[in-house]
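Geometric and topological summary
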4 protein chains.
Amino acid sequence: MKIAFLGLGQMGEPMAGHLLGAGHTLTVFNRTAAKAEKLRAAGAQVASTVTEAVAGAEAAITMLADDAAVEDVAWGGGERSAASSGSGLLKALPPGATHISMSTISVALVDRLARAHSDCGQAFVSAPVFGRPEAAAARKLWVLAGGEPSAITKVRPLLEAMGQGVLTVGDEPSSAKAVKIAGNFTIAAALETLSEAYALVSAYGIQSKMFLDIINRLFQSPVYQGYGTMIAERKFEPAGFTLRLGLKDARLVWQTADRGEVAMPLASLIHDRMLAAVAAGHGEKDWSSFASVELNKS
Amino acid sequence: MKIAFLGLGQMGEPMAGHLLGAGHTLTVFNRTAAKAEKLRAAGAQVASTVTEAVAGAEAAITMLADDAAVEDVAWGGGERSAASSGSGLLKALPPGATHISMSTISVALVDRLARAHSDCGQAFVSAPVFGRPEAAAARKLWVLAGGEPSAITKVRPLLEAMGQGVLTVGDEPSSAKAVKIAGNFTIAAALETLSEAYALVSAYGIQSKMFLDIINRLFQSPVYQGYGTMIAERKFEPAGFTLRLGLKDARLVWQTADRGEVAMPLASLIHDRMLAAVAAGHGEKDWSSFASVELNKS
Amino acid sequence: MKIAFLGLGQMGEPMAGHLLGAGHTLTVFNRTAAKAEKLRAAGAQVASTVTEAVAGAEAAITMLADDAAVEDVAWGGGERSAASSGSGLLKALPPGATHISMSTISVALVDRLARAHSDCGQAFVSAPVFGRPEAAAARKLWVLAGGEPSAITKVRPLLEAMGQGVLTVGDEPSSAKAVKIAGNFTIAAALETLSEAYALVSAYGIQSKMFLDIINRLFQSPVYQGYGTMIAERKFEPAGFTLRLGLKDARLVWQTADRGEVAMPLASLIHDRMLAAVAAGHGEKDWSSFASVELNKS
Amino acid sequence: MKIAFLGLGQMGEPMAGHLLGAGHTLTVFNRTAAKAEKLRAAGAQVASTVTEAVAGAEAAITMLADDAAVEDVAWGGGERSAASSGSGLLKALPPGATHISMSTISVALVDRLARAHSDCGQAFVSAPVFGRPEAAAARKLWVLAGGEPSAITKVRPLLEAMGQGVLTVGDEPSSAKAVKIAGNFTIAAALETLSEAYALVSAYGIQSKMFLDIINRLFQSPVYQGYGTMIAERKFEPAGFTLRLGLKDARLVWQTADRGEVAMPLASLIHDRMLAAVAAGHGEKDWSSFASVELNKS
């Protein structure tokens, strides 16, 4: 298939590489052009604008940082309100083609995109992923898929090329984002849990690692083992995923819950702890640190 | 070894059975005598008082409901303050023998017991367990051990006979209880997490079981799988472990944290949710229900 | 002065009336035209579009429900992104005139409006109010004012005509909204406080009103007296200010705190309680009910 | 009346002084005898034991630090369990006399005292007070009274001599303590509220004092004015009432709520914040600081 890939960050770059490896024709675009060089060497075309990238594409994949970045690409850069300006994905993607949104963005934006693509005669699939950059590189991501079954079927081979499995969630694109956001919440909740438990046992003279070793018998989970070790060792730098991005996700949880009229007190607690940690200057540490760092403003 | 076993509830009875099975000489005591019949048939002596049960024992094991029950047994029934009355374990257990406290009780009481046994020339080991009645029956409990190394060594064969492994925690008996209490907290936190996540995705049309199926790829944990299924199916009766007992444990977490000067906002959240659920009449349901039940007082 | 008044709800209508009473020339606009009839009878012009209302005005006052309504009026109705369409306040208000935003809206929108008006050569003053409809009618509102001192000075007589006093907050329009939003939070916090305290004493057989009578000796505050009586009597209908609107304000608190990187756990608690109460069907009750209603979904 | 007064702290000493001033015959007792000298000079007898103090008294007043201190005095010092030892108030107070418990203690202990005094043929009145040491000195305390009406009537003149008014709460002694504890909670909640609101507005460039000046128009309360000024000025030393004692009260709120099966999320939040502040070394500052101090452990 002829594919446009927009956004070559720590996640996007290896994901695009897997598509090339699976034999697809790829045009890539990134705001910072230098990041495209490795993919160019591997056979990708490099576009200098969104319009150029998606011209003639059967599918356009976005893997961008946040709502604002996706809005820029979709409706055209600069003044975000200028839907009419013609420089965005919505305008340039051929009718019948599919936009696959893989970024972690708000369900509100997903709903807006779904309507806009429908208006433009394009298909829209929401396909957020679970996994960190190492998993993206190793093709170990789990890919969620939300959207009309026929649209998902058409792009399924692309999704399969980027991860270890595709999990179809529902007919609404927003459903896949909601699952992704809720999944992130469950991980963040495990971080809060481990941090509080470590603090408790340490007040009684017990090392965090010994405690982890014990509860590993109960949980037997790579999430507890992996993050539990990081927190016990206080290895928060360099960050695999920054607290600042973790806070962004916590905001998405809050917004998704608020929009769905679901009270989530634990999600609120996590947001507030992350916010306090970022305000105290820990935003560039690994997000697993959020409930373990000191809250003195420097 | 000659052992006294005090407390034959859902946990204590199978645990005592394993000791018999391992060839130890056992005298049992339970407030409700009828519960001892099965063990009598299996070869245990049945005592009608605590004093009688522990007379001549090398080790006395307590597996009782709560602080109050352990205090009754330790210092003698009736007026709890009458330490001098002579009807309790502290008075009747031979010097040099060991009290193994396996109940989930407060660290404050553990500290008091440790001092009192030391005053009486007896050893004291704290050995709480992880696992529900099925695990006790199947000898799948994990046994924690806190206390002087020599004391633990002496009773280690008993502890091994009751579970799948013994995890030595520290020299202070209270350390083992703190680990047990913190471990319970981590499980309760997973229940809160799953309940909130289910509520969130269901607002976007996603079935809890589908969500669980997806996050199982991340967590790969029997705790999430097991409790996640119970909560998704809302199978809260009959209770494996009642919410009323879960609330008791949540109180222990709070007290342990308060005593250790450790702020645990998630533990407070869980306590408050359990309290509200019990107040609304759900105390006899399974504790996994605490964040999913309705809060209308009937 | 020649004034346009946009938004004739329970608050706007009496406020516009006071301006007429003070001798100003008034043109009013409301989406539902019928609401303008009383003011027409009192001497106001009634416009049928925003453009018509603000043409030739020295000041335009907006008193609207929420961010969306203010965006519609500012940038023109329909497709909110069409800033260029020419039907909004920004386009139609004469250069040199002042937009006085009195609605409770987000600081993010206030910042956007401040920039946009500056671009159009217009002044912008943020002037939210404290007080309910009765206070608006009785000219007992407190009016906050944020913006450039010269701009505030010019419109001060208008602000004074609508309330019992004008409190200048700062040079940034957003500062006045932040104070308004924080003020709302303090009231909501008093509601949560009273509800929890009543629940506590009632478990010990004490009537809420007796408790209120006692703590009134400490607080001596009309807020505690007024809301305390409503909650004690459970007089939640008809609503003076609905829970649905209270939730909107709680969202503003959250957004303002999040934007300012200030963790506010009590504000989060209040938001979550309000959200749960609205989800359980209490949205049209008075907002003072939020921590006292049952959470059974019907 | 012939009165024994036990506990001459910052509160007890001036309260005892007012009783002397009202013409009663007073015998005082304090663990640290030196504190009694001023009262001796004013005409009080000074006893060296509890037994001596209450011998022949018509009423014995306790104004002590916490549950443990009251238990010591009631059941006799040293080994608290030795109710039988004869050195406590319960043993030494004449039948028919009244114990007036004015300390802020747990409702659980109040219930135990009520039963114990009844068993000993003595009356028991619970009479906690609202007010700080300055109020005690100025006879501005509010005195709550719980207990049998006839018992309250008998000691009412004493209560009136110590404050500006007596508020009868209910027939159960515990009811007065519950009201006192709930009242303390409402004050602590106002501290949390003010601290969060100040943090919010300061992120938008607004001085705390300006904000306080504005919300004073709404609340018009000496509580907000007084504490609001302290927090705005960060005048936390010397402490009028230490954070360590505030935490003790927060624990009482938690225990009272837990016992009454009332979930109080705001009370939990306050407890956790106070605990964190004490753990970070702020225990000797004024309690109004609890939500405003930094949480770095030194």
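Residues numbered from 1 in each chain as written. Chains lettered and ligands numbered in written order. Predicted model: local features only at pLDDT ≥ 70, side-chain atom pairs only at ≥ 80, totals over all residues. Heavy atoms only, no water.

1. Brief notes about the overall build of chain A
When its secondary structure is counted, chain A shows 13 helices and 9 strands. In terms of overall size, chain A behaves like a compact globule, its C-alpha atoms giving a radius of gyration of 20 Å where 298 residues would be expected to give roughly 19 Å. When the backbone C-alpha atoms are referred to their principal axes, chain A occupies close to 65 × 40 × 40 Å. Buried residues in chain A amount to 60% of all 298 residues. Look at the contacts in chain A between residues 6 or more apart in sequence, and 66% of them connect residues 24 or more apart. (Helix = DSSP H or I, 4+ residues; strand = E, 2+ residues; numbered from the N terminus. Rg over C-alpha atoms; globule rule 2.2 N^0.38 Å. Buried < 20%, exposed > 50% of the residue type's maximum accessible area, 1.4 Å probe, protein only. Contact = heavy atoms within 4.5 Å.)

2. Here we look at the interface of chain A and chain B
With 51 residues of chain A at the interface, the matching set in chain B holds 51 residues. Between chain A and chain B, the buried area comes to about 4400 Å², and carbon and sulfur atoms account for 79% of it. Summed over the shared surface of chain A and chain B, the number is 0 salt bridges. At the junction of chain A and chain B, the tally comes to 11 residue pairs in polar contact (both at pLDDT 80 or more). At the level of secondary structure, the elements contributing two or more residues to the side of chain A that touches chain B comprise β8 (142-146), β9 (165-170), α9 (173-202), α10 (208-219), α11 (222-233), α12 (243-259) and α13 (265-282) of chain A. It is α9 of chain A that provides the largest number of residues to the side of chain A that touches chain B, a total of 18 residues. Its residues placed into classes, the side of chain A that touches chain B shows 37 nonpolar, 9 polar and 5 charged. (Buried area = accessible area lost by both parts, 1.4 Å probe. Salt bridge = Lys/Arg side-chain N within 4 Å of Asp/Glu carboxyl O. Polar contact = N/O pair within 3.5 Å; in protein donor to acceptor, adjacent residues only side chain to side chain. Nonpolar A, V, L, I, M, F, W, Y, C, P; charged D, E, K, R; others polar.)

3. Some remarks on the packing of helix α10 (residues 208-219) of chain C against helix α11 (residues 222-233) of chain C
Residue and element names in this part refer to chain C. Packing of α10 against α11 leaves a shortest axis separation of 10 Å and a crossing angle of 170°. By the criterion of interaxial angle, the relationship of α10 to α11 is roughly antiparallel. Residues Ser-208, Lys-209, Leu-212, Ile-215, Asn-216 and Phe-219 of α10 lie in contact with α11, whose contacting residues are Tyr-224, Gln-225, Gly-228, Thr-229, Ala-232 and Glu-233. When its residues are assigned to classes, the contact of α10 with α11 shows 5 nonpolar, 5 polar and 2 charged. (Axes fitted to C-alpha atoms, helices over the stretch in contact; angles between N-to-C directions. Parallel < 35°, antiparallel > 145°, perpendicular 65-115°, else oblique.)

4. What about the relation of the copies chain A and chain B?
One chain copy maps onto the other through a rotation about an axis and a shift parallel to that axis. Placing chain A over chain B gives an RMSD of 0.0 Å and needs a rotation angle of 180°, together with 0.0 Å of translation along the axis. Both copies are brought into coincidence by an operation consistent with a two-fold rotation axis. Across chain A, the rotation axis passes nearest the C-alpha of Ser-221 of chain A, at a separation of 2.4 Å. (Least-squares fit on C-alpha atoms with pLDDT ≥ 70 in both.)

5. Some thoughts on the domain arrangement of chain A
All names here are of chain A. Its domain assignment divides chain A into domain 1 (2-171) and domain 2 (178-295). Look at where the C-alpha atoms of domain 1 and domain 2 centre, and you get two points 29 Å apart. Listed by partner, the interface residues are 16 residues for domain 1 and 17 residues for domain 2. Overall, the association of domain 1 and domain 2 removes approximately 1200 Å² of surface from exposure, summing both partners, and the carbon and sulfur fraction of that is 62%. Interface area lost by domain 1 to domain 2 is led by Thr-104, Val-107 and Arg-132, which between them contribute 46%. (Domains from an automatic or database assignment.)

6. Things to note about the confidence of the model for chain A
Residue and element names in this part refer to chain A. When the pLDDT values of chain A are averaged, the result is 94; 96% of them are 70 or greater. Within the model, pLDDT remains below 50 along residues 78-85, and this stretch shows 9 contacts once partners closer than five positions in the same chain are excluded. With pTM at 0.94, the complex prediction returns an ipTM value of 0.93. (pLDDT = per-residue confidence, 0-100.)

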